[in-house]
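# A look at the structure
Each chain, letter by letter, is given below.
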Amino acid sequence: MENVYLQKKRDMFLQGGKHSILSAVAVVLSIFESFIPDLPFALPGMKLGLGNIAVLLAVETCPLGLVLYVAAVRALFALVTRGATAFFMSFAGAIASSLLMYFLARIKNTPFGCIGIGIAGAFAHNTAQIFTAYFIIGNAVWGYFPVVTLFALVSGSLTSLVHFFALPKVTSVPLFQ
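Per chain, residues are indexed from 1 in the order of the written sequence. Predicted model: local features are reported for residues with pLDDT of at least 70 only, side-chain atom pairs are reported and counted for 80 or more only, and whole-chain, interface and lining totals are derived from all residues. As a convention, hydrogens and water are excluded, and side-chain values are obtained from all of the structure's heavy atoms.

## As for empty space enclosed by the protein
Formally: For cavity detection a 1 Å grid was placed over the protein atoms alone, and a set of points counts as a cavity when a 1.4 Å probe fits there but cannot get out; an open set counts as a pocket when protein lies on both sides within 12 Å along at least five of seven lines, with lining residues being those that have an atom within 4 Å of a point. Grid points are joined across faces, edges and corners, and a volume is the space filled by probe spheres set on the points. Labels follow the DSSP assignment, with helices taken as runs of H or I lasting at least four residues and strands as runs of E lasting at least two, numbered in each case from the N terminus.
Considering all chains together, one arrives at one cavity of 30 Å³ or more under this definition. Taken as a whole, the largest cavity holds about 40 Å³ of empty space. Forming the boundary of the largest cavity are Leu-56, Val-59, Glu-60, Ala-105, Cys-114, Ile-117 and His-163. Here the lining of the largest cavity takes three residues from helix H2 (residues 52-61), the largest share from any one element.

Have a look at this one:
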């Protein structure tokens with residue numbers, strides 16, 4: 001009986017370590033991204049979404065609750081560093097993209113592949129942010145939708161490629177197996 005109790009405690013400890021590491025990676029990548037100058041053609045607030053790499057890794061290695069935890073930590077970081085509006089936009093995008101990527105990754109013989117899932121996640125993130133901005137600002141945001149849709153192709157592809165090459169290294173660590 002005691003062995004079962006100790007095993008449960010060990011598993012809880014390992015899960016806590018896993019989501020703490022992934023959350024820290026998401027925050028560090030977001031900090032790194034804040035040092036990258038805005039692209040000259042990008043709209044205000046448009047970022048590559050490097051923190052999403054950690055969410056993609058969580059999608060591959062964690063249950064849904066931990067994926068959403070990592071996404072929520074990213075949004076809380078936006079609250080602390082950029083304020084409430086950034087939090088609401090980040091939170092809506094993070095939850096929408098995390099849910100979509102998680103369920104797409106769980107489809108057996110998924111036709112999407114790693115890059116397709118990343119692009120879908122970027123599109124869901126941007127779409128949720130546009131809807132959130134609509135409730136904050138109004139109809140003016142709909143003009144941004146075609147641009148952020150195209151940007152989702154670029155950002156989703158780039159973050160997915162990094163995820164694709166990082167995943168074998170991450171899953172070789174016993175904590176993430």
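Still more to cover.
## Digging into the side chain of Thr-61
We apply this condition: A 3.5 Å cut-off defines polar contacts: any pair of N or O atoms within that distance qualifies, except that in protein one atom must be a possible hydrogen donor and the other a possible acceptor, and neighbouring residues in sequence count only when both atoms are side-chain atoms. By the convention used here, residues are in contact when the closest approach between their heavy atoms is within 4.5 Å.
Summarising the element assignment, Thr-61 is placed in helix H2. At 2.8 Å, the side chain of Thr-61 forms a polar contact with the backbone oxygen of Leu-57. Apart from residues no more than four positions distant in its own chain, Thr-61 is found in contact with Lys-18, Leu-22, Leu-167, Thr-171 and Phe-176.

## Quick look at H2
Here is the rule we go by: A 1.4 Å probe rolled over the protein chains alone gives each residue an accessible area, and that area as a share of the maximum for its type sets the label: buried under 20%, exposed over 50%, partly exposed in between.
Summarising burial for H2: nine of the ten residues are buried, a large majority. What H2 keeps buried is the set Asn-52, Ile-53, Ala-54, Val-55, Leu-56, Leu-57, Ala-58, Val-59 and Thr-61.

## Looking at helix H5 (residues 113-136)
Put simply, the test is: Each residue after the first adds 1.5 Å to the expected span of a helix.
Helix length check: H5 (24 residues) gives 35 Å between terminal C-alpha atoms against 34 Å at 1.5 Å per residue, within 8%. Looking one or two places after H5, you find Gly-138, whose phi comes out positive at around 120°.

## Concerning the packing of H2 against helix H6 (residues 145-171)
Keep this limit in mind: Inter-axis angles, ranging from 0 to 180 degrees, are taken between N-to-C directions of lines fitted to C-alpha atoms, where helices are fitted over the stretch in contact. Each angle gets one of four labels, with under 35 degrees taken as roughly parallel, over 145 as roughly antiparallel, 65 to 115 as roughly perpendicular, and the rest as oblique. Note on convention: near helix rotated counterclockwise from far helix by under a right angle means a left-handed crossing. Clockwise means right-handed. Nonpolar residues are Ala, Val, Leu, Ile, Met, Phe, Trp, Tyr, Cys and Pro. Charged residues are Asp, Glu, Lys and Arg, and all others, Gly as well, are polar.
The contact between H2 and H6 brings their axes to 9 Å, and the two run at 50°. Here H6 runs oblique to H2, going by the angle between their axes. Crossing handedness for the pair H2 and H6: right-handed. Only Thr-159, Ser-160, Val-162, His-163, Leu-167, Val-170 and Thr-171 of H6 make contact with H2, whose side of the interface consists of Asn-52, Ile-53, Leu-56, Leu-57, Glu-60 and Thr-61. Each residue belonging to the contact of H2 with H6 can be placed in one class, and the counts come to six nonpolar, six polar and one charged.

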